[in-house]
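Residue-level listing of the chains:
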Amino acid sequence: IRRTQAELVEAERLAAVGELASTVALGIRNPLAGIRAAAQVALEDVEPGSPVGESLDDIIAESDRLELRVRSILDLSRPGVADSTAGDVEEVLQGLVAAVKPRVSQGVRLVLDVADDLPAVRFDPQQLTEALEILVVNSLDAMKGREHGEVEVRARLDLAGNGAPPMVAIAVRDDGPGIDAARLQRVFELFYTTKPTGTGVGLAMAKRLVERQGGTIDAASTVGEGATFTIRLPAVGAALHAQPAFAREA
């Protein structure tokens with residue numbers, strides 16, 4: 001009975017997200033298309049290699065990313081599956097780190113650590129990027145106000161044993177204040193947030209995006225020592241024995 005009640009509450013929350021997302025999308029998409037079109041027209045009159053051209057390229061790229069984000073929020077309330085194919089996650093991780101680097105606070109390092117010769121992973125590039133961006137931006141937010149620290153994105157092969165299939169684990173770790181046990185149990189709940197300006201949608205969306213790709217996501221934290229969010233996706237291909245096992249966070 002409790003499980004059924006929880007499922008009904010979740011369904012009601014997703015319905016509310018759908019109504020809100022539809023309203024927001026209607027108000028954002030048309031102006032966003034106008035911004036992108038204006039930047040595209042202006043780019044035609046700019047000399048190649050010009051700093052202005054680079055800024056216009058950034059406007060176009062960010063407009064496209066915002067359009068994808070709006071689409072992802074709309075998809076959050078709808079049943080669906082990811083368009084997953086076997087591929088290399090390192091390219092996705094490199095692109096993600098490059099995209100979020102401008103948001104890194106002074107004194108904070110953003111580090112990418114990918115194990116050599118990782119096997120291919122079955123994933124949807126767009127949905128995986130969206131989920132990881134949510135995790136990385138949350139970690140960067142946790143580091144605000146600190147004079148120094150590190151946010152690390154690392155990928156390793158995870159050999160869980162006991163007959164479990166091999167997975168590739170992508171962890172996002174920060175040196176922030178951490179999350180206490182009571183809050184940690186609820187971080188993936190829709191609309192649950194402890195941030196004054198938070199919406200409680202981000203981590204719930206990340207969880208849904210990862211599960212659509214056949215993966216899992218979990219969180220581990222010690223108060224005062226930071227937090228680690230780990231996405232695990234099915235590994236494909238041969239030579240899995242050659243990779244170092246991922247060290248799970250305690």
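Please read all numbers here as calculations on a predicted model, not as lab measurements.

Conventions adopted
Residues numbered from 1 in each chain as written. Predicted model: local features only at pLDDT ≥ 70, side-chain atom pairs only at ≥ 80, totals over all residues. Heavy atoms only, no water. Helix = DSSP H or I, 4+ residues; strand = E, 2+ residues; numbered from the N terminus. Buried < 20%, exposed > 50% of the residue type's maximum accessible area, 1.4 Å probe, protein only. Contact = heavy atoms within 4.5 Å. Core = buried A, V, L, I, M, F, W, Y, C linked by side-chain atoms within 4.5 Å. Salt bridge = Lys/Arg side-chain N within 4 Å of Asp/Glu carboxyl O. pLDDT = per-residue confidence, 0-100. Phe/Tyr/Trp six-rings, centres within 6.5 Å; stacked < 30°, edge-to-face > 60°.

1. Here's the deal with the overall build of the protein chain
Inference 1: When helices and strands are tallied, the protein chain shows six helices and seven strands.
Inference 2: Buried residues in the protein chain amount to 39% of all 250 residues.
Inference 3: Counting contacts in the protein chain only where the partners sit at least 6 residues apart, residues at least 24 apart contribute 74% of the total.

2. Remarks on the nonpolar core
Inference 1: Grouped together as the largest cluster of nonpolar side chains are 45 residues, with contacts concentrated most on Leu128, Ile170 and Ile231.
Inference 2: Listing elements by their share of this core, those giving two or more residues are α3 (89–100), β2 (108–114), β3 (120–123), α4 (125–142), β4 (149–158), β5 (167–174), α6 (202–212) and β7 (226–236).
Inference 3: Of the residues forming this core, the biggest block, seven residues, is contributed by α4.
Inference 4: Setting aside chain neighbours within four positions, we find Leu128 in contact with Val89, Val92, Phe123, Ile170, Gln213, Ile231 and Leu233.

3. A word on the pattern of salt bridges
Inference 1: Using the criterion set out here, one finds 15 salt bridges in the structure.
Inference 2: A salt bridge links Glu150 to Arg173, with the shortest nitrogen-to-oxygen separation between them at 2.6 Å. Of this pair, Glu150 sits in strand β4 while Arg173 sits in strand β5, and the two are 23 residues apart along the sequence.
Inference 3: Its relative accessible area of 15% is what places Glu150 among the buried residues.
Inference 4: Between Asp218 and Arg232 there is a salt bridge, with its nearest N and O atoms 2.7 Å apart. Here Arg232 lies in strand β7 and Asp218 lies in strand β6 (residues 216–222), a separation of 14 residues in the sequence.

4. Some words on the confidence of the model for the protein chain
Detailed reading of the predicted coordinates is not advisable wherever pLDDT falls low.
Inference 1: Summarising the model, the protein chain shows a mean pLDDT of 82, and 82% of its residues fall at 70 or more.
Inference 2: By mean pLDDT, helix α1 (residues 2–43) is the weakest element of the protein chain at 78, and β5 is the strongest at 95.
Inference 3: Scored below 50 in pLDDT, residues 238–250 makes 29 contacts in the model with residues more than four places away or belonging to other chains.

5. Looking at the packing of aromatic side chains
Inference 1: Taken as a whole and assessed by the stated rule, the structure comprises one aromatic pair.
Inference 2: Between Phe188 and Phe229 the ring centres are 6.0 Å apart and the planes differ by 85°, which places this aromatic pair in the edge-to-face class. Here the residue Phe188 occupies a position in the loop between α5 (181–184) and α6, and Phe229 occupies one in strand β7, the gap between them amounting to 41 residues. Neither Phe188 nor Phe229 differs from the other in exposure class; each is buried.

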